[in-house]
Amino acid sequence: MLNPRQIEAFRTVIVTGGVTSAAKALNISQPAVTRLIHDLQYVLGLTLFERRGTRLVPTNEALSLYREVERQFVGLEQIQNAARNLRDGLAGSLRIAALPTFNVGFLPRLIAAYMKDKPDLEVAVYGSISSQVVDWVATGFCDIGFAQYPLDFPHIDVEQLPSVPAVAVLPEGHRLAGKPYLEPQDFVGEPFVSLAGSTQWRYRTDALFSAARVTRQIRVETPLSMIACSLVASGAGIGIVDPYTAAEYGGRGIVVRPFRPDVLYEIGVVWPAGRFRSPLALGFVETVVAAIQDLAERAQAGLPQ
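For clarity, every value in this text was computed on a predicted model and none was experimentally measured. (Residues numbered from 1 in each chain as written. Predicted model: local features only at pLDDT ≥ 70, side-chain atom pairs only at ≥ 80, totals over all residues. Heavy atoms only, no water.)

A. Inspection of the packing of aromatic side chains at higher detail. One pass over the structure, following the stated rule, counts 16 aromatic pairs. With a centroid separation of 5.3 Å and 35° between ring planes, the pair formed by phenylalanine 102 and phenylalanine 146 is classed as tilted. In this pair, phenylalanine 102 sits in helix α5 (residues 100-103) while phenylalanine 146 sits in strand β5 (residues 144-148), placing the two residues 44 residues apart along the sequence. Phenylalanine 146 shares its class with phenylalanine 102; the two are buried. Through a chain of ring-to-ring contacts, the aromatic side chains of Phe102, Phe106, Tyr114, Phe146, Tyr244, Tyr265 and Phe284 assemble into a single cluster. A cation over a ring is seen here: arginine 216 above phenylalanine 192, with NZ or CZ 4.9 Å from the ring centre. (Phe/Tyr/Trp six-rings, centres within 6.5 Å; stacked < 30°, edge-to-face > 60°. Helix = DSSP H or I, 4+ residues; strand = E, 2+ residues; numbered from the N terminus. Buried < 20%, exposed > 50% of the residue type's maximum accessible area, 1.4 Å probe, protein only. Lys NZ or Arg CZ within 6 Å of the ring centre and 35° of its normal.)

Written out as structure tokens, the structure reads:
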């Protein structure tokens, strides 16, 4: 019966050109290689090598057999390479869900950069409100999700990402655009574009203006920060949004300025509870964290994003 070790020894002798080099490659003794070749010839009933002086020279039958063996080994090597790439996070699939704030431009750029050195990586990206993102992850439809923090849902694990301060957005040419940063008092008498909804973000913003005894003239509300930015660019008012969205609209009809005191915009990465976290997913989250930290520093300093 054929022994895989015999086939391996036969191939290695052909590839390396001799018994001595094959023994080194296989990390076994020369007599062991010779015995494996002898046994293989006996099982196959073929003469695979002829001795010429001190060298073993493959016969025509050996070369024909080698072509067939090589096809099989190439297949095995492909499987090994695929497994190695999966293990090292260079190949596979990744299904990502995120709220619209992340998906407007910030996350797609990170995904594209993450894929550049991973030609065998396949990615699917989905966007919706935070509760839907959580559901996609909890049911296993997506591998990871990015949703607004805090999150209190069953069947998921949540890790808070670095918090980023909100920014003020104004139409280009606005009288306040020359200020290095804006405070609640700057919004007195200004039409305000507000984010709607009973979220922690909205509560914190309302509480901050209330504490400063500033009443905003809320002229329009919208649940999406990208719509808020478009409204500001069109002259509907000024507003406060997350820096992820503001970064996409800066220079497109709006001016972005830091807002004081900080109103932190918090995102959590959502994992399915108790399930394996692939190297691909873990590596991507590391990329996201680094990008958020850079964005937070730039937003804090009032630098272009």
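Having seen the model, we can carry on.
B. Representation of the sheet that holds strand β12 (residues 254-258) in the model. The 5 strands lie next to each other as β10-β9-β11-β8-β12, forming an open sheet whose pairing is mixed. What marks the edges here is a single partner per strand, and that holds for β10 (217-222) and β12. Going from strand to strand, the sheet's axes swing by 30° on average, the running direction of each strand aside. In the sheet, strand β8 (residues 167-171) pairs with β12 via 5 bridges, with the strands oriented antiparallel. From the neighbouring strand, leucine 170 faces β12, where its bridge partner is valine 255. (Pairing = 2+ DSSP bridges. Axes fitted to C-alpha atoms, helices over the stretch in contact; angles between N-to-C directions.)

C. Spatial organisation of the nonpolar core. Phe102, Leu107, Phe146, Phe187, Tyr244, Phe284 and Val288 are the most contacted members of the largest nonpolar core, which totals 57 residues. Take this core: its biggest share by element is 9 residues, from helix α11 (residues 279-301). With 19 residues, the next largest nonpolar core counts Ala9, Val13, Ile14 and Leu36 among its residues. (Core = buried A, V, L, I, M, F, W, Y, C linked by side-chain atoms within 4.5 Å.)

D. Structural view of the side chain of serine 130. Locating serine 130 in the fold gives a position in helix α7 (residues 130-138). A polar contact is formed between the side chain of serine 130 and the backbone nitrogen of glutamine 148, at a distance of 2.9 Å. (Polar contact = N/O pair within 3.5 Å; in protein donor to acceptor, adjacent residues only side chain to side chain.)

E. Expanded view of the packing of helix α2 (residues 19-26) against helix α3 (residues 30-44). Interaxial distance between α2 and α3 falls to 8 Å at its minimum, and their mutual angle equals 105°. With respect to α3, the axis of α2 lies roughly perpendicular. Between α2, through Val19, Thr20, Ala22, Ala23 and Leu26, and α3, the contact on the second element is made entirely by Gln30, Val33 and Thr34. (Parallel < 35°, antiparallel > 145°, perpendicular 65-115°, else oblique. Contact = heavy atoms within 4.5 Å.)

F. Local environment of the pattern of salt bridges. For the coordinates displayed, the defined rule picks out 12 salt bridges. In this structure, glutamate 50 and arginine 52 form a salt bridge, with 3.7 Å as the shortest nitrogen-oxygen distance. If you follow the salt bridges from partner to partner, you end up with Arg202, Asp206, Arg216 and Glu221 in one network. (Salt bridge = Lys/Arg side-chain N within 4 Å of Asp/Glu carboxyl O.)

G. Looking closely at the environment of valine 134. As for its position among the elements, valine 134 is in helix α7. With 163 residues separating them along the chain, valine 134 and glutamate 297 place their C-alpha atoms 28 Å apart. In this structure valine 134 touches Leu151, Phe153, Ile156 and Val270, once residues within four positions along its chain are discounted.

H. Molecular detail of unusual backbone geometry. Cis geometry marks the peptide bond from tyrosine 149 to proline 150, where omega comes out at 5°. Here proline 150 lies in the loop between β5 and β6 (156-160). Here the amide bond leading from arginine 260 into proline 261 is cis, since omega sits at -5°, within 30 degrees of zero. Topologically, proline 261 is positioned in the loop between β12 and β13 (264-265). Unusually for a residue other than glycine, asparagine 27 sits at a positive phi of about 60°. Within the secondary structure, asparagine 27 sits in the loop between α2 and α3. Phi at histidine 155 takes a positive value of approximately 70°, unusual for a residue other than glycine. Within the fold, histidine 155 resides in the loop between β5 and β6.

I. A look at helix α6 (residues 106-115). Those residues of α6 that sit buried are Phe106, Leu107, Leu110, Ile111 and Tyr114. End-on, the buried residues of α6 take up no more than an arc of 125°, which puts them together on one face. (Arc of directions from axis to C-beta.)

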